[in-house]
Every structure is written in C-alpha cells, then in structure tokens.
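Understanding the architecture of this molecule
Listed here are the chains, written in short residue letters.
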Amino acid sequence: MVDLVSARHPTIKRLRRLSRRRSARSDEDGPTLVADALDAPVPVEEVVAERGCPEDLLDRAAGAGATVRRVADGVLARVTATVTPQPVAAIARFADVPADVAARAAGPLALVLVGLGDPGNAGTLLRSAEAAGAGAALFCDGSVDPFGPKCVRASAGSVFRLTVARSTDAADALRALSAAGLASLATVVHPGGPAYDEVDLARPVALALGSEAHGLPDGVAARVSGVVTIPMVGRTESLNVAMAGTVLCFESLRQRRRLGRANRLDAAPPQAAGCTEP
Ligand SMILES: C[S@@+](CC[C@H](N)C(=O)[O-])C[C@H]1O[C@@H](n2cnc3c(N)ncnc32)[C@H](O)[C@@H]1O
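First, a word on what this report is: a plain description of the structure on this page.

Bringing a positive patch on the surface into the picture now. A cluster of basic residues, Arg8, Lys13, Arg16 and Arg78, forms a positive patch at the surface. Locating Arg16 in the fold gives a position in helix H1 (residues 10-20).

Let's shift gears to the site of the ligand. Neighbouring residues of the ligand: 19 residues in total, closest Thr187, Gly210, Gly215, Ile230 and Leu239. With respect to the ligand, the side chain of Thr187 contributes an N or O atom lying 2.6 Å from an oxygen atom. A distance of 3.5 Å is found between a nitrogen atom of the ligand and a backbone nitrogen or oxygen belonging to Ala213. In the complex, the protein chains occlude 86% of the 570 Å² of accessible area that the ligand would expose alone. In a pocket analysis with a 2 Å cut-off to the grid points, the ligand is assigned to the largest pocket. Of the residues assigned to the shell around the ligand, the class counts are 10 nonpolar, 8 polar and 1 charged.

By secondary structure assignment, the location of Ala262 is in the loop between helix H11 (241-258) and helix H12 (263-266). Each C-alpha atom of the pair Ala262 and Pro108 lies 8.7 Å from the other, and the pair is 154 residues apart in sequence. The residues contacting Ala262, other than those within four sequence positions of it, are Leu253, Arg256 and Arg257.

Attention shifts here to the sheet that holds strand S9 (residues 183-187). Here 6 strands make up an open sheet; going across it, the order is S8-S7-S6-S10-S9-S11 and the pairing parallel. Each edge of the open sheet is held by one strand with a lone partner, namely strand S8 (163-168) and strand S11 (226-228). Across the sheet, the axes of successive neighbouring strands diverge by a mean angle of 25°, strand direction being ignored. Lying over the sheet, helix H9 (residues 170-179) contacts strand S6 (109-114), strand S7 (136-140), S8, S9 and strand S10 (205-209), oriented at roughly 170° with respect to S6.

Each value, and the rule that gives it
Residues numbered from 1 in each chain as written. Predicted model: local features only at pLDDT ≥ 70, side-chain atom pairs only at ≥ 80, totals over all residues. Heavy atoms only, no water. Patch = residues over 30% accessible without salt bridge, like charges linked within 9 Å, V, L, I, M, F, W, Y side chains within 5 Å. Areas by Shrake-Rupley, 256 points an atom, 1.4 Å probe, with all protein chains shown as cover. Salt bridge = Lys/Arg side-chain N within 4 Å of Asp/Glu carboxyl O. Lys, Arg positive; Asp, Glu negative; His and termini not counted. Charge placed at Lys NZ, Arg CZ, Asp CG, Glu CD. Helix = DSSP H or I, 4+ residues; strand = E, 2+ residues; numbered from the N terminus. Near = heavy atom within 4 Å. Polar contact = N/O pair within 3.5 Å; in protein donor to acceptor, adjacent residues only side chain to side chain. 1 Å grid on protein atoms, 1.4 Å probe; cavity = no way out; pocket = protein on both sides within 12 Å on 5 of 7 lines; lining within 4 Å. Sits in = over half its atoms within 2 Å of the grid points. Nonpolar A, V, L, I, M, F, W, Y, C, P; charged D, E, K, R; others polar. Contact = heavy atoms within 4.5 Å. Pairing = 2+ DSSP bridges. Axes fitted to C-alpha atoms, helices over the stretch in contact; angles between N-to-C directions.

These figures come from the coordinates and say nothing about function on their own.
Structure below.
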C-alpha cells in the first residue's frame, strides 16, 4: 500500500532541503537515474512518485526496501531543482569513501579533479571515465559535490557505479593513488608536456584535471609522476576540462585496447553500455 502524501509531508520537505544544498545526502530524479541507483550498491531510502512514474520502478524500489510515497502532479517540479520536471524523485544515502579506498578501486584509470567548479563538467567527466573503464574518481580541493543533483544528472548514473571520494586533499589523493600502484599525470595546457599519444596511458594511471578558471595548482604539478598535454592548433587557449578529460580517458582506453587490456569495459554491468540520457 503506497501513501498519498501532501506537499507538507516531512519527506517532501526533506526532498526540498536536499535539493537545494550541498549535503551528506543528495536527491536525484528521473526514472532512469532512480533505476540506476537501484541497480547500484546505493541504499535508496525514499521514492516519491507522481502519476507518470512507471509502476514497475516503484515495485522495484519497494522490493529494495525503499519507502514509496505518491504526491499530486506538479509537487516534484516545485521541490526539486530540475529544469525538466520528472515524475519521480528519490533520496539515497551515499557512502563517504576515503582516498585510499577509491585508489584501490581505480583499476586501470582514475580521475583526480582539483578545484572543479562546474557540476556539469564533473558529471560529464564521471560518465566518460566510466565509459573508458575507470574505477574511481577523487574530488579534491574544493571541487563541486559529486552527489549534488546537477553532477549526478550529468553523470547519467556513472556516479553510482564508480567509487567516488569527495572532499579529498589533492596531496592525499595522489599519495593514495601512488600507493595503489597508479602513475599520476598532470594534464596541462601550459607550458605543455608530452603529447597524449606519446605517453603510456595503458598502464594504471590517474589523470589530474584542473579547475576551469585556473588549471592545476603548482602544488599538484609538483607531486605527480608526469605531465601530459593534448596538442592544439588554432588560437584556442585551452579545452573545456570535460572535453580534455574525455579525450584523455579514451586515449587511455585506445592504448589498452591495442594491448588487449580493456577488461574493465568487458566486465562492466550491462547498463553502462547503453545510453542513459535523463
Ligand atoms: C580550461 S582548462 C584551464 C585553463 C587555465 N587557464 C590554464 O591555463 O591551465 C581546465 C583544465 O582542462 C585540462 N585541459 C584543457 N586543455 C588541455 C590540453 N590542451 N591538454 C591537457 N589538458 C587540458 C587541464 O586539466 C586544465 O587544468
């Protein structure tokens, strides 16, 4: 039996609160993303649905132990931060993973995001990283909240499947990745390092990407084992960080495929292969 609750119900107030601020918890919306969360090892606590929500999704959520509530049409558009209203929202609890746990889950590839300010860029990077076989991403030095609604949406569910550490110090992250056996590379525009197709990206590697405005801080550049650059022609000063990270992730996958080492992709769960546009 599913309760029909009003816009003043405590769950709806909680959803509104979570939707608007950085928090130990985060909300997410859209049937596809709620399904992604149910597929992942993420405890989904509550699901709130309007009439357009697929019934089988609500059955699955209830079967997974979530409390399912119904609200009148239009309530979710008022309380969540989505641009396109969705007929379902969920509240899930994310584990805070320390840097060493994320580093051990990296497999062939990890991202170290340093001071990234745009959640759309961060989510896009998570999506590309997972598609290229990465196992982990470490959010460092004031980067956006990976579990904020915009980043979760832009990740198309990858944030649920990667091991993600947040609020990490970049020096700690690089130490942990090195201890886990990964080389770390600073991705730099200026003064420029070896070209991406001349650097060994087939070995286990962590790519450090810098902020949209300032790039990587000097402290990070001094702690990595190498640097890498995507050579550019024309008058563009730099690439968008999500574009640069995507190119580098797929150069890593290209090099691994040439050596027959794309195994994490082969082992990825089925939903990782499809298009999960929210
Ligand atoms: C918009 S850029 C930062 C621009 C900043 N003004 C600078 O000069 O570093 C943001 C990040 O994207 C990555 N990036 C952008 N273009 C790149 C390129 N051509 N090669 C390697 N990384 C690049 C780097 O990680 C960089 O820190």
